[in-house]
There are 2 protein chains.
Amino acid sequence: MTAKSQKNWTGDPSELLRVGEGFRLADIDPSSTPGYDGDKKDGQDDLESGADELDEYQERLYAESRSEATNASVLLVLQAMDSAGKGGIIRHVVGSVDPQGISLTAFKKPTKTELAHDFLWRIEKKLPEPGYIGVFDRSHYEDVLIGRVRSLAEPEEIERRYAAINEFEKRISDQGTRIVKVMLHISNEEQRERLMERLDRPDKHWKYNPGDVDERLLWPKYMDAYQVVFERTSTPWAPWYVVPANSKWYARIAVQALLLDALERIDPRWPAATYDVEAEKARLAAS
Amino acid sequence: MTAKSQKNWTGDPSELLRVGEGFRLADIDPSSTPGYDGDKKDGQDDLESGADELDEYQERLYAESRSEATNASVLLVLQAMDSAGKGGIIRHVVGSVDPQGISLTAFKKPTKTELAHDFLWRIEKKLPEPGYIGVFDRSHYEDVLIGRVRSLAEPEEIERRYAAINEFEKRISDQGTRIVKVMLHISNEEQRERLMERLDRPDKHWKYNPGDVDERLLWPKYMDAYQVVFERTSTPWAPWYVVPANSKWYARIAVQALLLDALERIDPRWPAATYDVEAEKARLAAS
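Keep in mind that this is a model prediction, so the values were computed, not measured.

What counts as what
Residues numbered from 1 in each chain as written. Chains lettered and ligands numbered in written order. Predicted model: local features only at pLDDT ≥ 70, side-chain atom pairs only at ≥ 80, totals over all residues. Heavy atoms only, no water. Contact = heavy atoms within 4.5 Å. Buried area = accessible area lost by both parts, 1.4 Å probe. Salt bridge = Lys/Arg side-chain N within 4 Å of Asp/Glu carboxyl O. pLDDT = per-residue confidence, 0-100. Pairing = 2+ DSSP bridges. Helix = DSSP H or I, 4+ residues; strand = E, 2+ residues; numbered from the N terminus. Axes fitted to C-alpha atoms, helices over the stretch in contact; angles between N-to-C directions. Patch = residues over 30% accessible without salt bridge, like charges linked within 9 Å, V, L, I, M, F, W, Y side chains within 5 Å. Areas by Shrake-Rupley, 256 points an atom, 1.4 Å probe, with all protein chains shown as cover. Lys, Arg positive; Asp, Glu negative; His and termini not counted. Charge placed at Lys NZ, Arg CZ, Asp CG, Glu CD. Buried < 20%, exposed > 50% of the residue type's maximum accessible area, 1.4 Å probe, protein only.

(A) Region of the structure containing the interface of chain B and chain A. With 42 residues of chain B at the contact, the number on the chain A side is 42 residues. Taken together, both faces of the contact between chain B and chain A bury some 4,100 Å²; the carbon and sulfur share is 60%. Together, B:Arg91, B:Trp206 and B:Leu284 form the three largest contributors to the area buried by chain B at its contact with chain A, with a combined 18%. Here A:Arg91 ties to B:Glu59 by a salt bridge, and the two come within 3.7 Å at their closest N and O atoms.

Right, here's the structure in full:
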């Protein structure tokens, strides 16, 4: 399905960007704009009209959950190399929604306490409640990405995690959470330019960390680790979407389209009143 | 101080709306727009330009906190009778800020576990981290508002709480949190109209609860309880502001102005780089 409010799609992003059988990350051009027949300006217009649609869906999702008729929620998982634009997605796509309906978690390097538990322990605690759009800025996938690249766990443990993730995601999907997993895909050159901009601008210095270059030197290993993640954990109940992200405007409307698609499938409705509307009008008028 | 970005103030809202010596809630006209020489359209324009200023302040606050040079944060406490517009403030004022810098908590009826602890226990856990703008949708003040009106605790316990709140707020203020406490003030008649609208519109039925009328019948007792709160807990380190809220547009720019004032006083700066910028440029270029 394509979002009604975004005019310039010629194909369905939830099909075009989905990781399916035989997917190869190396075949994806980070500068491409699959299925979109428009430029930056069109993208900004679509983002704005899409925001209104997203806003209404979010409110209906929340409203319906109050009636206890449903457990539905959405979970957007964002993964990417540094500077690929996770922050921009949160600011410009998620940020257009009423903050009262959003549950945002940025997962950092695990604490000692977190490391003493299974890697999914801290994740489970941050899952969205019914009615919410949960957003994970990094996630349990770090444990099979940096975990694999930097050998933070034994190979057998890394291996175990893929299946554990699939079971975990199946369980929360069965409980009513629609999972949308997005990798924002930029090129190695694009990352160099974006990091350089952070070094060029004093108001961006705080965003730069010398460790960013250390990670950057491991780029091919990260791409391999992502490829394995896609092969092992893109499932019918929790598919991966690889979003070309050299064009920030494209990445934003694409992620918005994926969220709209998830909500359209949930199709939340305004719940019926659980009280006698006319009787309440009379009580209120007399008060 | 008046926000640079909001053009139509003729007085300083952080002075005009502040609860000081001799304040009487009964003297405040909920339809008034103190210190503002403009109409709804002006207010909307000011809200938009104020949003840009707020956005930059928030990012600087966050950036500075990453440098560990400061513990500064902001805490906006929102209290009001039902339908006074807390949700609108969160959506339109708080919602204009990058969600990555906001820490929002809606306090509901306390759980059994929460009731087993001191009333400030659950509050302390939700205080904003350094660099964040925390927002409390209801707060510890419920424990001296509904707590008093509905006698949910002994009078001596209610009495004890005012001083406990002042000490608590002094402590977190000393730790670097700038506290802005806002009561949105609507009239009894305005509330009836707003609740009636919820009953008139099927897409608003979920927002109405028959208990709203029960609370409404206690209106004078709530106004008395607010008056006591203002007398006992408006302190130099955590002042109360009473914002006339019959005009939603006024309430929104006024709360935005109070937030801007708090941030202006913190005056967060972009932190200096903690690494050698030129050396990093060379490393990055070679990567």
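(B) Geometry of the confidence of the model for chain A. Mean pLDDT over chain A works out to 96, with 99% of the residues at or above the 70 mark. Both scores are given for the predicted complex: the pTM is 0.96, the ipTM 0.93.

(C) Structural detail: the sheet that holds strand β2 (residues 102–106) of chain B. Residue and element names in this part refer to chain B. In space, the five strands of this open sheet follow the order β2-β3-β1-β4-β5, with parallel pairing throughout. Each edge of the open sheet carries a strand with a single partner, namely β2 and β5 (240–244). For this sheet the average axis-to-axis angle between neighbouring strands, irrespective of direction, equals 20°. Strand contacts of helix α11 (residues 248–266): β1 (73–80), β3 (133–137), β4 (177–185) and β5, with the helix running at about 165° to β4, the strand carrying the most contacts.

(D) Representation of a positive patch on the surface in the model. A contiguous patch of positive charge, built from A:Lys125, A:Lys126, B:Lys125 and B:Lys126, is present on the exposed surface. As for its placement among the helices and strands, A:Lys126 is situated in the loop between α5 (121–124) and β3 (133–137). What makes A:Lys126 partly exposed here is its relative accessible area of 42%.

(E) A look at the sheet that holds β3(A). All names here are of chain A. Taken in spatial order, the five strands line up as β2-β3-β1-β4-β5 in an open sheet, and their pairing is parallel. Two strands in the sheet have a free side with no partner beyond their single neighbour: β2 (102–106) and β5 (240–244). With strand direction ignored, the average angle separating the axes of adjacent strands in the sheet is 20°. Bridge count for β2 against β3 is five bridges, and the pairing is parallel. When the sheet's bridge partners are listed, Ala106 is paired in β3 with Asp137.

(F) The arrangement of unusual backbone geometry in detail. One non-glycine residue, A:Arg138, lies in the positive phi region at around 70°. Looking at the secondary structure, you find A:Arg138 in the loop between β3 and α6 (146–149).

(G) How the structure looks around the pairing of β5(B). By the criterion of burial, β5(B) is predominantly enclosed, with five of the five residues buried. Covered by surrounding structure in β5(B) are B:Trp240, B:Val242 and B:Pro244 together with B:Tyr241 and B:Val243, the residues of both alternating faces.

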